[in-house]
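Below are the chains, spelled out letter by letter.
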Amino acid sequence: MTTPPTAPGGTGGAPVTTAPSGRPVPGPLGAAAQGLPTGHAAALRARMRAGFGLLGPRSGRHAVAPEDIDTLALPVGDDGVVIGVDAQSRPAVLGLNRPTPYDILLIGGLWTAQVLALRAAATGARVAVETGRAAEWTTLAHAAGGAQQCITLHDVGRVPPLGPSAGSPVLVLRDCGMQPPRGRVVSGPWQSVLTLLPYLSPVAPRLMRQTRLVGVQRLSPDESSRLGRLLALPGADVESLPTLADGVTLWCAGRDRQYVMTQATDAETGLLGVPRRMDRP
């Protein structure tokens, strides 16, 4: 038997052996093959190249036919706040906590805005409500956080810097009437802004140009026609807006549209009452 050569660089290197191709095979493979007949060494090298350890169980490949791919889709398309269910009764999710600025306009009732505030706070966001009717929000703010002020109330134009971050995102909810003034606090990384309009007011076109998502609840036929022109809605959607049930919102983002029904939990119903489009007198 010939003396196996040593690794380049001296006599202290790891032993090597020569593969059938003539190239040296270093390391443990070369050491294990020393002193074995040629056939056994080749078999060992083949096993070692295939992988170390014992062979695991063998099973068929997991394959899905192309026509079955759609069945793998998850009902939740994004992470965020579950704002209701769509027409197929699947959860509809609104991603409020984003690393980029995000502005939302809701033309609808106070009830829906308050449900969104509660659910945003439940996901860990801090909610700052800028409002001229604090009495409508006080009970909600106290019930939401208890000792922790996860929902805070601020007079119009008095929202302080909130220091949003990935670990502490913020939702600024502006409930400032039909013609809200320009806000001191704007959207930014990890800070979304939702503006509530009770009806289609004169400032709505300007706000729509600044927002990435518009939610619309039941409107009068005249308002629906005007909104249809502003958002380039199909005729079927324009005709449906005056007939929307309480708690139903048409969400629009560019050409994408989705009807969502917000269903209150027992706790939300106990705190806010049943879904309604009109605010309490």
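Residues numbered from 1 in each chain as written. Predicted model: local features only at pLDDT ≥ 70, side-chain atom pairs only at ≥ 80, totals over all residues. Heavy atoms only, no water.

## Description of the layout of surface pockets
Each pocket or cavity is described by its volume, and for the second largest pocket that value is around 250 Å³. In this structure, the second largest pocket is lined by 16 residues; those nearest its centre are Asp103, Arg174, Gly183, Leu207 and Gln210. Elements represented by at least two residues in the lining of the second largest pocket include exactly strand E5 (102–107), strand E9 (191–197) and helix H5 (204–210). For the lining of the second largest pocket, the element with the most residues is H5, which contributes three residues. Looking at side-chain class alone, the lining of the second largest pocket contains seven nonpolar, five polar and four charged residues. (1 Å grid on protein atoms, 1.4 Å probe; cavity = no way out; pocket = protein on both sides within 12 Å on 5 of 7 lines; lining within 4 Å. Points joined across faces, edges and corners; volume = space filled by probe spheres on them. Helix = DSSP H or I, 4+ residues; strand = E, 2+ residues; numbered from the N terminus. Nonpolar A, V, L, I, M, F, W, Y, C, P; charged D, E, K, R; others polar.)

## As for the pairing of strand E10 (residues 213–216)
Across the two faces of E10 the burial is the same, with Leu213 and Gly215 and Val214 and Val216 all buried. As judged from the four bridges shared by E5 and E10, these two strands associate in the parallel manner. Following the sheet pairing, Leu105 is matched in E10 by Val214. In this structure, E10 lies alongside strand E11 (residues 248–253), joined through three bridges in antiparallel fashion. (Buried < 20%, exposed > 50% of the residue type's maximum accessible area, 1.4 Å probe, protein only. Pairing = 2+ DSSP bridges.)

## Considerations on the side chain of Asp175
Topologically, Asp175 is positioned in strand E8 (residues 170–175). For Asp175, a relative accessible area of 3% gives the class buried. For Asp175, the contacting residues outside a window of four places in its chain are Leu110, Glu130, Thr131, Gly132, Arg133, Trp137 and Leu196. (Contact = heavy atoms within 4.5 Å.)

## What about the pattern of salt bridges?
Overall, the coordinates contain seven salt bridges when judged by the stated rule. A salt bridge links Arg90 to Asp86, with the nearest nitrogen and oxygen atoms 3.1 Å apart. The partly exposed category is assigned to Arg90, whose relative accessible area is 41%. On the accessibility criterion, Asp86 (9% relative accessible area) is buried. (Salt bridge = Lys/Arg side-chain N within 4 Å of Asp/Glu carboxyl O.)

## Some points on the pairing of E9
Within E9, seven of the seven residues are buried, which leaves the element mostly enclosed by the surrounding structure. Here E9 shows a buried face lined by Gln191, Val193, Thr195 and Leu197 and a second buried face lined by Ser192, Leu194 and Leu196. Pairing geometry for E5 and E9, over six bridges, is parallel. Along E9, the bridge assignment pairs Asp103 with Val193. Where E8 lies against E9, five bridges are found, and the strand directions are parallel. The residue of E9 that forms the bridge with Val172 is Val193.

## A few points about the packing of aromatic side chains
As enumerated under the stated definition, the model contains zero aromatic pairs in all. Positioned over the ring face of Tyr102 is Arg98, at 3.9 Å from the centre of the ring. (Phe/Tyr/Trp six-rings, centres within 6.5 Å; stacked < 30°, edge-to-face > 60°. Lys NZ or Arg CZ within 6 Å of the ring centre and 35° of its normal.)

## Things to note about the nonpolar core
Ranked by internal contacts, the top residues of the largest apolar core, which has 32 residues, are Ile83, Ile104, Val127, Ile151 and Trp251. Secondary-structure elements contributing two or more residues to this core are strand E3 (81–85), strand E4 (91–94), E5, helix H3 (110–122), strand E6 (126–131), helix H4 (135–145), E8 and E9. If you tally residues by element for this core, the top one is H3, at nine residues. Filtering out sequence-adjacent residues up to four positions away, Ile151 remains in contact with Ala117, Leu118, Ala121, Val127, Val129, Leu140, Ala141 and Ala144. The next biggest cluster of nonpolar side chains, apart from the first, holds 20 residues, and it includes Val203, Leu231, Leu233 and Leu244. (Core = buried A, V, L, I, M, F, W, Y, C linked by side-chain atoms within 4.5 Å.)

## Some thoughts on the packing of H3 against H4
Where H3 meets H4, the axes come as close as 11 Å, and the angle between the chain directions of the two elements is 20°. Between H3 and H4, the crossing angle belongs to the class labelled roughly parallel. For the pair H3 and H4, the crossing hand works out as right-handed. On H4, the residues that touch Leu110, Ala113, Gln114, Ala117 and Leu118 of H3 are Glu136, Trp137, Leu140 and Ala144. Tallied by class, residues from the contact of H3 with H4 come to seven nonpolar, one polar and one charged. (Axes fitted to C-alpha atoms, helices over the stretch in contact; angles between N-to-C directions. Parallel < 35°, antiparallel > 145°, perpendicular 65-115°, else oblique. Left-handed = near helix turned anticlockwise from the far one by under 90°.)

All quantities given are derived from atomic positions and should not be read as evidence of function.
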